[in-house]
Amino acid sequence: MKIKWLGHSSFVLTESTGTSVLTDPYDSKMVGYGYKPPEVDVVTVSHGHGDHNYTSVVKHKQLFSEPGKYEYGGIHIAAVPSFHDDCEGKARGKNVIFKFRMDGVNVCHMGDIGEPCSPELVERLLPVNVLLIPVGGTYTIDAEAAKEYVDRLMPDIVIPMHYKVKHCELDIDKAEPFLRMFDDECIEEDVEELELDRYDFNDATESTKVIVMERKQA
């Protein structure tokens, strides 16, 4: 499977069969930089805000935005309910976490998770090979809370998202506070595309690797 980051919380996940998923398409005017997503098979939306649900710019065949279990083209998808804030949705509403099983790899997209890490939520999400998690704070968990999720979920790879980059107009933090919580040798930066399969995760002794992706325009 392949992973590309299109900015903010939007990724393209492509299975070896060619079936593709796009997560959280965004309004470029709202975020502050350009967005040209490719045509895909499936779009997932974590919640109903314009920087995550701008589906009109994406040509797609299937949309998933509610909790449940789904299957499309051999990809298994589990959509787990959660909250966009730390007060059970009273401030910003609900959030859907999406777990994808693609080429034997478990990828977890946390959406705009705002609730604190809990044993109950961790149990519902395990196992996780690749964790896509917001780290910018303000509207989501911050760097410290994101690190707690990493420590509890113990993914093989974590990819930060929803943080401030050049031209971003949102009031969120940069990725650096999150990255400082990891040893330098665990961090790989400026990765344009990540290609993985289940055999990449046979060594359970390795520590979590942090991949900082370069924003890729399709």
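See the structure printed just above.
Now for a description of the structure that goes with this document. Along every chain, residues carry numbers that run from 1 in the direction the sequence is written. Local features are withheld for residues below a pLDDT of 70 in this predicted model, meaning they are given only at 70 or higher, and side-chain atom pairs are given and counted only at 80 or more; totals for whole chains, interfaces and linings count all residues. To get the side-chain values, all heavy atoms of the structure are used, and hydrogens and water are removed first.

Secondary structure summary: the chain contains four helices and 14 strands in total. Every radius of gyration here is taken over C-alpha atoms, with the globule rule written as 2.2 Å times N^0.38, N being the number of residues. Taken over the C-alpha trace, the chain has a radius of gyration of 16 Å; the compact-globule value for 218 residues is 17 Å, and the two agree within 12%. In terms of overall dimensions, the chain has a C-alpha envelope of 45 × 40 × 35 Å along the principal axes. Looking at the chain residue by residue over its 218 residues, the buried ones come to 53%. Here a strand is any run of E in DSSP of at least two residues, a helix any run of H or I of at least four, and the numbering for each starts at the N terminus. Under the scheme applied here, a residue whose accessible area is under 20% of the maximum for its type counts as buried, over 50% as exposed, and between as partly exposed, the area being computed with a 1.4 Å probe on protein chains only.

Disulfides are defined as cysteine sulfur pairs within 2.5 Å. Using the criterion set out here, one finds zero disulfides in the structure. C108 provides the cysteine sulfur closest to C117, a residue in no disulfide bond, and the two sulfurs are 11 Å apart.

Moving on to the nonpolar core. By nonpolar core we mean a set of buried residues, namely Ala, Val, Leu, Ile, Met, Phe, Trp, Tyr and Cys, connected to one another through side-chain atoms within 4.5 Å. One finds I3, V130, I159 and F178 to be the most contacted residues of the largest nonpolar core, which totals 56 residues. Contacts are assigned to residue pairs that have any heavy atoms within 4.5 Å of one another. Excluding residues within four positions of it along the chain, V130 makes contact with I3, V105, N106, V107, C108, I157, I159, L196 and F201. In this structure, Y26, V45, L170 and I172 belong to the second largest nonpolar core, which totals 14 residues.

This brings us to the layout of surface pockets. Unfilled space is identified by rolling a water-sized probe across the atoms. In this analysis a 1.4 Å probe is tested at points of a 1 Å grid over the protein atoms alone, and where it fits but cannot get out there is a cavity; an open set with protein on both sides within 12 Å along at least five of seven lines is a pocket; lining residues have an atom within 4 Å of a point. Grid points are joined across faces, edges and corners, and a volume is the space filled by probe spheres set on the points. Space inside the largest pocket adds up to approximately 270 Å³. Of all the secondary structure elements, the ones that give two or more residues to the lining of the largest pocket are β12 (187–191) and β14 (209–213). Each residue is assigned to one of three groups, with Ala, Val, Leu, Ile, Met, Phe, Trp, Tyr, Cys and Pro labelled nonpolar, Asp, Glu, Lys and Arg labelled charged, and all others, Gly among them, labelled polar. Looking at the lining of the largest pocket residue by residue, the classes come out as six nonpolar, one polar and six charged. What the second largest pocket holds in volume is close to 180 Å³. Taken together, 14 residues line the second largest pocket, and the ones lying closest to its centre are V128, L153, M154, P155 and D156.

Two rings belonging to Phe, Tyr or Trp (six-membered ring only in the last case) form a pair when the distance between their centres is within 6.5 Å. Interplanar angles under 30 degrees mark stacking, angles over 60 mark edge-to-face geometry, and anything in between is tilted. Within the structure shown, the criterion is met by six aromatic pairs. Pairing W5 with Y163 gives two aromatic rings, centres 5.5 Å apart and planes at 25 degrees, and the pair type is stacked. Highlighted residues: W5 in strand β1 (residues 2–7) and Y163 in the loop between β11 (157–161) and α4 (176–179), separated in sequence by 158 residues. Neither residue differs from the other here; W5 and Y163 are each classed as buried. Relative to Y33, the ring of Y26 lies with its centre 5.8 Å away and its plane at 80 degrees, an arrangement referred to as edge-to-face. In this structure Y33 comes out as buried when scored by relative accessible area, which is 4%. For a lysine, the NZ atom is tested; for an arginine, the CZ atom; a charge sits over a ring if that atom is within 6 Å of the ring centre and within 35 degrees of the ring normal. Lying across the ring of F182, K147 places its NZ or CZ 5.2 Å from the centre.

On to the pairing of β14, then. Most of β14 is tucked away: four of the five residues are buried. For two strands to pair, DSSP has to find at least two bridges joining them. Taken together, the two bridges between β11 and β14 define a ladder with parallel strand orientation. Within the sheet, the bridge partner assigned to V158 lies in β14 and is V210. Relative to β14, β12 runs parallel, the two being bridged by three bridges. Across the sheet, residue E188 finds its bridge partner in β14, namely I211.

The strands that make up a sheet pair up through hydrogen bonds in the backbone, lying either parallel or antiparallel. As summarised here, the arrangement of the six strands in space is β5-β4-β3-β2-β1-β13, forming an open sheet in which the pairing is mixed. A single partner strand is all that each edge strand has here, and the edge strands are β5 (62–64) and β13 (194–195). Both β1 and β13 contribute to a ladder of two bridges, which runs antiparallel. In the strand pairing of β13, K2 is matched with E195.

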